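Descriptive structure summary
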Amino acid sequence: MKTLYLLRHAHAASKELSLSDFDRPLDERGQEEAEAVADYLKKKKITFDYVMCSAALRTQETLEPLRAVVGTEAIEVSESFYNSPEDQILKHLRSVSNDKSKVLYIGHNPGIAFAAIKFSKVFPDVLMEGITPATLIGFHFPFNTWEELDWREGEIMDVYQPSPSPEESPSQEGS
């Protein structure tokens, strides 16, 4: 059995800044969300054999607080994971070494959202409102090699979405 967690990067600085999309950092809310995801992984004792992360600044900043709790030094940061559509995410995951059983993939929407929908046998109600920044979704797959990974075969066994700060309205959302 293989386990995959998909993580959408946390909230990033506004697109209106004079930075390229690739170079947008996390905003203050995003930094808090990334810390919350790290705390969740630590509390639940969730570790990984391998981590795949987009090279964009906001995904790397989402990864940073997780480094101490992911349980592996096998972390690949690559530009080829930047803004990948779901079919490319599937291709990347199919190339993972079979000695890795638990993988974390940190990326961007819409690819993360579409991959989560397509991997799921049954999509949970909790995600019907969307896969917001810093959403973490865990899947179990009934096979032994990553090459067998395919759509509609994943059982969602974990979903975590950091709560917004009390002073923020639920309608406020960045990317």
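Rules of the game
- Throughout this description, residue numbers start from 1 for each chain and increase along the sequence as written.
- Local features in this predicted model are restricted to residues whose pLDDT is 70 or higher, and side-chain atom pairs enter the listing and the counts only when it is 80 or higher, whereas totals over whole chains, interfaces and linings include all residues.
- Remark: hydrogens and water are excluded; side-chain values derive from all non-hydrogen atoms of the structure.
- A score between 0 and 100, pLDDT records how confident the predictor is in each residue.
- Note on contacts: a residue pair qualifies if any of its non-hydrogen atoms lie within 4.5 Å across the two residues.
- A pair of strands is labelled paired if DSSP reports no fewer than 2 bridges between them.
- By the criteria applied, helices consist of DSSP H or I runs no shorter than four residues and strands consist of E runs no shorter than two, each listed in order from the N terminus.
- Residues enter a nonpolar core if they are buried and are Ala, Val, Leu, Ile, Met, Phe, Trp, Tyr or Cys, with the set joined through side-chain atoms within 4.5 Å.
- Categorising residues by exposure relies on relative accessible area from a 1.4 Å probe, with only protein chains included: less than 20% of the type maximum marks a residue as buried, more than 50% marks it as exposed, and the intermediate range marks it as partly exposed.
- We call Phe, Tyr and Trp rings a pair once their centres come within 6.5 Å, taking the six-membered ring for Trp, and we label the pair stacked below 30 degrees between planes, edge-to-face above 60, and tilted otherwise.
- In protein, a polar contact requires one atom able to donate a hydrogen and another able to accept it; more generally it is a pair of N or O atoms within 3.5 Å, and residues adjacent in sequence count only if both atoms are side-chain atoms.
- Only one rule defines a salt bridge in this text: a Lys or Arg side-chain nitrogen within 4 Å of an Asp or Glu carboxyl oxygen.
- Axes, fitted as lines to C-alpha atoms, cover a helix only where it is in contact. Angles between the N-to-C directions of the axes lie from 0 to 180 degrees.

**Overview of the confidence of the model for the protein chain**
When pLDDT is averaged along the protein chain, the result is 92, and 93% of the positions lie at 70 or above. Confidence drops under pLDDT 50 across residues 168-175; counting only partners more than four residues distant or on other chains, this segment forms 17 contacts.

**Quick look at the pairing of strand β3 (residues 75-78)**
As judged from the four bridges shared by strand β2 (residues 50-54) and β3, these two strands associate in the parallel manner. Looking at β3, one finds that M52 is bridged to E76.

**Structural notes on the nonpolar core**
As a rule of thumb, nonpolar side chains are buried together in soluble globular proteins. Grouped together as the largest cluster of nonpolar side chains are 26 residues, with contacts concentrated most on L4, L6, L93, Y105 and F119. Within the residue set of this core, elements represented by two or more residues are β1 (2-8), β2, α3 (86-94), β4 (102-107), α4 (111-119) and β5 (136-141). Take this core: its biggest share by element is five residues, from α4. Those residues in contact with L4, other than ones at most four positions away along the chain, are L93, V103, Y105, F119, I137, G138, F139, F141 and W146. Ranked by size, the runner-up nonpolar core spans 23 residues in total, among them L7, Y40, C53 and V69.

**Structural notes on the packing of aromatic side chains**
As enumerated under the stated definition, the model contains 10 aromatic pairs in all. Seen from their ring centres, F143 and W146 are 6.4 Å apart, and the 75 degrees between their planes marks the pair as edge-to-face. Of the two residues, F143 and W146, both sit in the buried class. A network of ring pairs unites the aromatic residues F119, F139, F141, F143, W146 and W151 as a single cluster.

**Some remarks on the environment of S20**
Looking at the secondary structure, you find S20 in the loop between β1 and α1 (28-44). Placed 103 residues apart in sequence, S20 and F123 show a C-alpha to C-alpha distance of 33 Å. There is a polar contact of 2.9 Å between the side chain of S20 and the side chain of D23.

**Details of the pattern of salt bridges**
Enumeration according to the criterion identifies seven salt bridges in this entry. R94 serves as the salt-bridge partner of D150, at 3.4 Å between the closest nitrogen and oxygen. Here the residue D150 occupies a position in the loop between β5 and β6 (155-160), and R94 occupies one in helix α3, the gap between them amounting to 56 residues. For R94, a relative accessible area of 32% translates into the label partly exposed.

**What to know about the sheet that holds β6**
Overall, mixed pairing links the six strands, which are arranged β3-β2-β4-β1-β5-β6 in an open sheet. Each edge of the open sheet carries a strand with a single partner, namely β3 and β6. Neighbour-to-neighbour, the strand axes of the sheet open up by a mean angle of 15 degrees, direction not taken into account. Here α3 sits on the sheet and contacts β1, β2 and β4; the angle it forms with β4, its principal contact strand, is near 145 degrees. Packed onto the sheet, α4 meets β1, β4 and β5 and runs at close to 150 degrees relative to β1.

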